[in-house]
Amino acid sequence: MSLLDTRPLSGVLGASVEGVDLASDLDDDLVAAIRAAFVDHHVLVFRDQDLSPEQQMRFGRSFGDLDTHPFVAGNDEFPEIIDVITEPDDRFTFGGGWHTDVTFLAEPDLGSILYAVDVPSGAGDTLFANQHAAYDALSDTMKGMLHGLVGLHSAGPQYGEGGLSTGNTAMRTRAADLADAVVRHPVVRTHPESGEKALYVNGAFTIGIDGLHGEESRTLLRFLLRHAVKERFTCRVRWEPGTLVMWDNRSVQHYALYDYAGQRRHMRRVTVKGDRPV
Ligand code: OGA
Ligand code: MN
């Protein structure tokens with residue numbers, strides 16, 4: 001029997017974990033149980049936590065080395081923490097479209113751990129979509145066509161000159177030429193821990209499919225990106241101050257819903273380094 005008391009968030013992914021205080025010293029068995037639940041459910045929600053930045057980093061390190069972001073400045077005191085902030089007069093929010101974190105890296109982060117400091121009441125939810133379920137729902141013929149295809153990923157659309165993610169004042173993003181580098185990842189990846197296949201393209205960073213003509217690539221990508229986030233593959237998390245959510249970037253896409261214009265939202269994020277998708 002698992003050490004963890006989990007409750008599903010939807011029929012297709014996500015679970016809340018009850019009765020764990022992440023500020024305390026977690027023993028190896030508990031960390032192993034959390035890791036197993038993470039791989040099983042892809043998104044874990046811990047309510048009513050009271051975490052300092054150091055405690056959040058320590059929790060993150062129980063899953064691997066922490067990463068920093070090449071284009072978003074970290075916290076002055078703790079470079080491995082990004083303050084994900086939307087100010088009341090921002091017209092844009094970080095993560096405000098379906099995406100998987102940092103797939104423009106050759107070794108994208110395996111997971112992200114977000115802690116709510118300040119959230120607008122009843123708004124600013126985050127949506128998640130299960131990319132294993134999206135893959136499984138494809139026909140065998142489409143699966144066969146996708147195997148062996150390589151997606152082209154780049155930070156350019158978000159962080160290149162005039163990029164979409166450079167317009168939020170609070171986030172201290174830097175546009176950079178480097179953002180236009182292209183990285184290759186399989187369109188279907190296999191989760192290194194569960195062995196399950198997942199769709200691995202996302203609308204923020206996947207700019208094409210290798211070897212296809214422009215129109216072929218755009219058409220196939222448009223189908224895959226819409227399919228990947230169909231409602232039936234999703235769950236939705238409502239935040240309160242003190243909610244911590246960790247998600248598996250090898251299994252899900254996510255979407256920060258911006259339905260609170262004029263209000264402030266502040267989350268603290270750490271990311272755990274991952275390996276090269278295969
Ligand atoms: C992120 C992100 C979602 C949110 O931190 O990577 O997409 O709801 N955040 O803030
Ligand atoms: Mn994100």
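Quick notes on the rules
Residues numbered from 1 in each chain as written. Chains lettered and ligands numbered in written order. Predicted model: local features only at pLDDT ≥ 70, side-chain atom pairs only at ≥ 80, totals over all residues. Heavy atoms only, no water. Helix = DSSP H or I, 4+ residues; strand = E, 2+ residues; numbered from the N terminus. Expected span 1.5 Å × (residues − 1). Buried < 20%, exposed > 50% of the residue type's maximum accessible area, 1.4 Å probe, protein only. Contact = heavy atoms within 4.5 Å. Polar contact = N/O pair within 3.5 Å; in protein donor to acceptor, adjacent residues only side chain to side chain. Salt bridge = Lys/Arg side-chain N within 4 Å of Asp/Glu carboxyl O. Donors = N, O, S within 2.8 Å, 3.2 Å for Na, K, Ca; no water. Arc of directions from axis to C-beta. Near = heavy atom within 4 Å. Areas by Shrake-Rupley, 256 points an atom, 1.4 Å probe, with all protein chains shown as cover. Pairing = 2+ DSSP bridges. Axes fitted to C-alpha atoms, helices over the stretch in contact; angles between N-to-C directions. Phe/Tyr/Trp six-rings, centres within 6.5 Å; stacked < 30°, edge-to-face > 60°. Lys NZ or Arg CZ within 6 Å of the ring centre and 35° of its normal.

K.L.:
Looking at this model, I keep getting lost on helix 1 (residues 28-41). Mind explaining?
P.N.:
Note on helix geometry: an α-helix contains 3.6 residues per turn, so any two residues three or four positions apart are oriented the same way. If you check helix 1, its first and last C-alpha atoms are 20 Å apart, about what 14 residues at 1.5 Å a residue would give, namely 20 Å. Among the residues of helix 1, Leu30, Val31, Ala33, Ile34, Ala37, Phe38 and Val39 are the ones counted as buried. Residues of helix 1 that are buried sit in contact with strand 3 (43-46), helix 2 (53-61), strand 6 (111-118) and strand 14 (244-248). Two or three places before Asp29, at the opening of helix 1, Asp27 has a side-chain oxygen 3.2 Å from that residue's backbone nitrogen. Two residues or fewer after helix 1 comes His42, characterised by a positive phi angle close to 75°.

K.L.:
Is there a simple way to think about unusual backbone geometry in this case?
P.N.:
Excluding glycine, most residues fall at negative phi; most peptide bonds, likewise, are trans. Unusually for a residue other than glycine, His42 sits at a positive phi of about 75°. Position of His42 among the secondary structure elements: in the loop between helix 1 and strand 3. Positioned with a positive phi, Val102 is a non-glycine residue whose angle comes to about 45°. Structurally, Val102 can be placed in the loop between strand 5 (82-86) and strand 6. The class for Val102 is buried, based on a relative accessible area of 3%.

K.L.:
Help me understand the pattern of salt bridges, please; the structure alone is not making it clear to me.
P.N.:
Side-chain pairing between opposite charges can occur once the charged atoms of the two side chains come close. Under the criterion given, the structure shown has 13 salt bridges. Here Arg7 makes a salt bridge to Asp5, at a shortest N to O gap of 2.9 Å. According to the relative accessible area criterion, Arg7 is partly exposed, its value standing at 43%. What emerges from the salt-bridge pattern is a single network uniting Arg35, Glu193, Asp248 and Arg250.

K.L.:
Hey, could you run me through the coordination of the manganese ion (ligand 2) in this one?
P.N.:
In an ideal tetrahedron of four donors about a metal, each angle is 109.5 degrees. In an ideal octahedron of six donors, the angles are 90 or 180 degrees. Ligation of the manganese ion (ligand 2) by protein atoms is provided by His99 (NE2), Asp101 (OD) and His254 (NE2), these donors lying 2.1 Å from the ion. Counting along the primary sequence, the residues that act as donors to the manganese ion (ligand 2) give the motif H-x1-D-x152-H. A residue pair is termed long-range when its members are at least 10 positions apart, and Asp101 in the loop between strand 5 and strand 6 and His254 in strand 15 (residues 252-256) qualify at 153 residues.

K.L.:
Looking at this model, I keep getting lost on helix 2. Mind explaining?
P.N.:
Those residues of helix 2 lying buried are Pro53, Gln56, Met57, Phe59 and Gly60. Relative to the axis of helix 2, the buried residues are bounded by an arc of 160° and lie together on one face.

K.L.:
Would you take a moment to explain the site of ligand 1 for this structure?
P.N.:
If you check the shell around ligand 1, you find Val84, Phe94, Gly95, His99, Asp101, Leu114, Thr126, Trp247, His254, Ala256, Arg265 and Arg269 and nothing else. Within the side chain of His254, a nitrogen or oxygen atom sits 3.0 Å from an oxygen atom of ligand 1. The side chain of Arg269 places a nitrogen or oxygen atom 2.5 Å from an oxygen atom of ligand 1. Considering ligand 1 on its own, with 290 Å² of exposed area, one finds that the protein chains cover 100% of that surface.

K.L.:
Looking at this structure, I do not really get the pairing of strand 1 (residues 5-8). What am I missing?
P.N.:
Note on strand geometry: in a regular strand, side chains alternate between the two faces of the sheet. Bridge count for strand 1 against strand 2 (residues 15-18) is four bridges, and the pairing is antiparallel. Note that in strand 2 the partner of Thr6 across the bridge is Val17. Connecting the antiparallel pair strand 1 and strand 2 is a turn made up of six residues, with Gly14 showing a positive phi of about 90°.

K.L.:
So what exactly am I meant to see when it comes to the sheet that holds strand 12 (residues 206-209) here?
P.N.:
Hydrogen bonds between backbone atoms are what pair the strands of a sheet, whose relative direction is either parallel or antiparallel. Read from one edge to the other, the open sheet built from three strands follows the order 9-8-12, with strand pairing classed as antiparallel. Two strands lie at the open edges of the sheet, namely strand 9 (182-186) and strand 12, each paired on one side alone. Here the average twist between neighbouring strands, direction ignored, is 30°. Sheet analysis places strand 8 (residues 150-154) next to strand 9, joined by five bridges and oriented antiparallel. Paired with Gly151 across the two strands is His185, which belongs to strand 9.

K.L.:
I'm lost on the sheet that holds strand 7 (residues 126-130) in this one. Help?
P.N.:
Within the open sheet, the three strands sit side by side as 13-7-15. Their pairing is antiparallel. Bordering the open sheet on either side are strand 13 (234-237) and strand 15, each of which pairs with just one other strand. Sheet twist, expressed as the mean angle between neighbouring strand axes with direction ignored, is 20°. Relative to strand 13, strand 7 runs antiparallel, the two being bridged by four bridges. Along strand 13, the bridge assignment pairs Phe128 with Cys235.

K.L.:
Which parts of the structure should I look at to understand the packing of aromatic side chains?
P.N.:
The geometry of an aromatic ring pair is captured by the separation of the ring centres together with the interplanar angle, meaning the angle of the planes. All told, the structure shown has nine aromatic pairs when counted by the stated rule. Centroid distance Phe59 to Phe63: 5.1 Å. Interplanar angle 85°. Geometry classified as edge-to-face. Judged by relative accessible area, Phe59 falls into the buried class, the value being 2%. In this structure Phe63 comes out as buried when scored by relative accessible area, which is 7%. Centre to centre, the rings of Phe71 and Phe104 are 5.6 Å apart; their planes meet at 45°, and the pair counts as tilted. Of the two residues, Phe71 sits in the loop between strand 4 (66-67) and strand 5 while Phe104 sits in the loop between strand 5 and strand 6, which places them 33 residues apart along the sequence. Assigned by exposure class, Phe71 and Phe104 land together as buried. Three or more aromatic residues link up through ring pairs in this structure, and these residues are Phe71, Phe104, Tyr159 and Phe205. The ring of Tyr200 carries the charged tip of Arg189 above its face, separated from the ring centre by 4.8 Å.

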